[in-house]
Amino acid sequence: MTDFLMLSFLFLAAGVIAVPVASRLGLGSVLGYLLAGIAISPLLSALHVDVVSIQHFAEFGVVMMLFLVGLELEPKMLWQMRSKLLGLGGLQVGVTIVAIMAIAMMFGQTWRVGLAIGMVLALSSTAIVLQTLNEKGLMKSDGGQASFSVLLFQDIAVIPMLAILPLMALPELVELASHTTNDHAGAGDHGTDIDLMGNLPAWLQGIVTLGAVGLVISAGALLTRPMFNFVASAGLRELFTATALMMVVGIALLMTLVGLSPALGTFIAGVVLANSEYRHELESDIDPFKGLLLGVFFITVGAGVNFPLLFENLWSVVAMTLGLIALKTTVLIVLSKIFGVNAGDKWLFSLGLAQAGEFGFVLLSFTVANHVIPKAIADQLLLVVALSMLLTPALFILYDRVISPRYLRGGEQEPDEITEKGKIIIAGHGRFGGIINRLLSWSGHKTVVLDYSSSQLEMLRAFNVKAFYGDASRPDLLHAAGIDDAEMLIVAIDDKQKATEMVHYVHHNYPHIKIIARAVDRQHVYELYAAGCREIIRETFDSSVRAARTALEMLGTRKFDAELIVQDFIERDRHIIREMAPHYDPDIPIHKNQALVEKTKELMKAQESELLGKASANTTTSRAWDFSKRTKPESDD
Amino acid sequence: MKRVLVYYAHPAHRFSRVNKALLDMAKDQTNVTVIDLYEEYPRFRIDIDKEQDRLRNHDVILFQFPIYWYSSPSLIKEFLDLTLEHGFAYGAPDAALTNKIMGLAVSTAGTESDYSETGYQTYPLRTFLTPFEQTARLCNMTFLAPYAYFGAHAEQDGFLNEHVQSYGRFISALRDETLDIDAACALDLMNATNLPVKG
């Protein structure tokens, strides 16, 4: 227990200290975690912590990340990407493997070892690249999309690699291994601890594999909604998190059992759920876990660097790493030329994917276990992989500071296709938000609706409204709904307290976003004003005023006069509220707020004539048209 | 029989004396449509299709309003802006208002002598009403001399009564086709004294 707490504290503390520092220095969170890992590695080895097994555990963060990536990717989009995915991804993996194999053979390795090394090093780091691209908001850029295609292909390519590698075992290594009993090769999370399929004939294996994928797709499409409705009926927030985790873990488990990549499985599930109204809820539930696990993963990469070995072979390791980066970059540059990735993005794509990745660790331990690569070489390669990952943030910085500005200055950068920009988020889709959404959609605006009533959503779906389930007052859900690049937030929820908190949160964290808020009553107006909102609409004010106007009309007032009286009334009422609002202090009760009380008295005095029912004597028309008060006629009737 | 449509517009009807009396007289005429525009469109949202149908279904269009700052109330302008659409009122060979009659019934605070080169308004009343005249011309309509009442604030109720009675005769003559249209067009202004009613 103490060990566990100690370790947790160590990892968390390292991250908490290193990441903000790294972010402030503009280095990105990934490098922060890596440095934290390096910093605590002496402590970890003093405590005899098995960094490798923690790393395997933390790799689950990658699985979650692909689930989240899938959620962002509608099936239609995936289909549109198919040529990039197969062409760009396939060629990157193929060409890089062949090139590395050729170089390895030049240095006297056998073709088998060369091929294995090629496979290990051809893969890039999904974790680092996607995390960084997301952080920089570059996922939707041309380069981001190309990077993603290649990474996805690599994730899929791991599966046949794991199948081929054991076939290339070196006879002398196998023999050596038969003498040693201690085979520490934990097959990693991409291996199979329980193999359901081992005893099945090949055709049946194929059917089971396809069946499993089919199961994920059909369950995702058909069962998610009823399941979440069922869970929602319990009304407990944490149950959603539990359900989301259960789904991801379950899919990963199923995939592992049939020998597929869990990352691929959860990715497919994510794509299936991308159109679901629970998408944002799932995103915000899984996201913190992904973040934490990836953090731990990066820390273990940092901590896993074997410094004594590194310093022993410093020059050769550094040379190999730089060579690897140069080689991969070259291949990617050539490919991006062929596939027409635009000028600035070409470099983002090529430098971004130039490292070896976490799958490299997995494949390395797998190759050693299967006696494909001798341990001595594998240890050095491990350093190359880790070092290349360590250098990746530096390459991104190079891109940011040197390459990207040059293209921007040259004006060559084409405008990004940011399809989701100018978004309007409507929080709450009841009687109030519903009408706002209808009107805005009717006038051609794109809205994102958030609501926490499943039955409400059920109805919306019938009317083809794009709505998402979730408690809109939660910052993480707002984040998932795209508050970062939203243009406007309309707070239409009916919970007073939550509406105020939401306004406060968004106003302070995203000051550029226009906020319109629904107020329940006059005091709520003051609270929302204090929270930073300036466009505050009282939920029943306009309808009450209209009812009063109808009453006036039915009492015989001419409609145009009634309209002007109402407009004057609204203006005066708003004037009073505007005057009072700045004096309101949420921490002082209204009757004890001296400034507010004084202001009230002052306004009351000014409005006395109005209170005595003399309003109609002084409406807008009478100023122009009441000639009885004039001494000399100047105009006409 | 011609179908007569009276559009009345007064933003401050409750302060009105002259126009109120004229409106009541117009409403008393049988087989005449009277539309109170500020009552119909208090929020200025003109129903274009409805108004175009109304115009199509009448032969004589009369606008009754007080002159204020040398023009009509703003709702009349809004009405004309939106209703007299291209292709409907003009710009098409079969424009809907062709050969219909347009008339004005207006009131001013200033006297007739104020509206002259020597008066403080500098120009005769017709000059201020040329936009309406040209509107009628562009729509291929016949423009009658405006039926005008001067000095609306002065206490000359004897004459007001005469003017109101004559307004009733004016409208019914238009309806019964007993108004001499050519003569009405040739006049500068019309009032109780010079109304060219035939027979």
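Use the structure listed above.
As a starting point, this report considers the structure included with it.

Description of the interface of chain B and chain A
The interface of chain B with chain A comprises 28 residues on the first partner and 21 residues on the second. Considering only the side of chain B, the residues that lose the most area to chain A are Phe15(B), Tyr68(B) and His153(B), jointly responsible for 29% of the buried surface there. Viewed at the interface, chain A and chain B are joined by three salt bridges. A salt bridge links Arg558(A) to Asp36(B), with the shortest nitrogen-to-oxygen separation between them at 2.6 Å. In the side of chain B that touches chain A, the residues fall into 15 nonpolar, eight polar and five charged.

Quick notes on the packing of aromatic side chains
One pass over the structure, following the stated rule, counts 26 aromatic pairs over all chains. With a centroid separation of 5.9 Å and 35° between ring planes, the pair formed by Phe560(A) and Phe44(B) is classed as tilted. A residue pair is termed interchain when its members come from two chains, as with Phe560(A) in helix H27 (residues 559-580) and Phe44(B) in the loop between helix H2 (37-40) and helix H3 (48-56). Between the aromatic rings of Tyr167(B) and Phe170(B), the centroid separation amounts to 6.5 Å while the plane-to-plane angle is 40°, which identifies the pairing as tilted. In this pair, Tyr167(B) and Phe170(B) both sit in helix H7 (residues 157-176), three residues apart, roughly one turn of the helix.

Focus on unusual backbone geometry
All names here are of chain B. For Asn 31, which is not glycine, the phi torsion reads 55° and is therefore positive. Its place among the elements puts Asn 31 in the loop between helix H1 (18-28) and strand S2 (32-36). In the Ramachandran plot, Asn 99 falls in the positive-phi region, its phi being about 70° despite a non-glycine side chain. Considering the arrangement of structural elements, one finds Asn 99 in the loop between helix H4 (74-83) and strand S4 (101-107).

What to know about the pairing of S4(B)
Residues and elements named next belong to chain B. Burial analysis of S4 places seven of its seven residues in the buried class, which makes it a mostly covered element. Pairing of strand S3 (residues 60-66) with S4 involves seven bridges; the strand directions are parallel. Bridge pairing in S4 links Ile 61 to Met 102. For the crossover from S3 across H4 to S4, the handedness is right-handed. Note: S4 against strand S5 (residues 142-143), two bridges, orientation parallel. Paired with Ile 101 across the two strands is Thr 142, which belongs to S5.

Side note on the nonpolar core
A general tendency of soluble globular proteins is for nonpolar side chains to be buried together. Ranked by size, the top nonpolar core spans 131 residues in total, and within it Phe67(A), Leu121(A), Phe148(A) and Phe298(A) carry the most contacts. Here this core gets 13 residues from one element, more than from any other, and that element is helix H20 (residues 375-409) of chain A. With 38 residues, the next largest nonpolar core counts Leu37(B), Tyr41(B), Cys139(B) and Phe143(B) among its residues.

Each value, and the rule that gives it
Residues numbered from 1 in each chain as written. Chains lettered and ligands numbered in written order. Predicted model: local features only at pLDDT ≥ 70, side-chain atom pairs only at ≥ 80, totals over all residues. Heavy atoms only, no water. Contact = heavy atoms within 4.5 Å. Buried area = accessible area lost by both parts, 1.4 Å probe. Salt bridge = Lys/Arg side-chain N within 4 Å of Asp/Glu carboxyl O. Nonpolar A, V, L, I, M, F, W, Y, C, P; charged D, E, K, R; others polar. Phe/Tyr/Trp six-rings, centres within 6.5 Å; stacked < 30°, edge-to-face > 60°. Helix = DSSP H or I, 4+ residues; strand = E, 2+ residues; numbered from the N terminus. Buried < 20%, exposed > 50% of the residue type's maximum accessible area, 1.4 Å probe, protein only. Pairing = 2+ DSSP bridges. Right-handed = clockwise from strand over helix to strand, strands pointing away. Core = buried A, V, L, I, M, F, W, Y, C linked by side-chain atoms within 4.5 Å.

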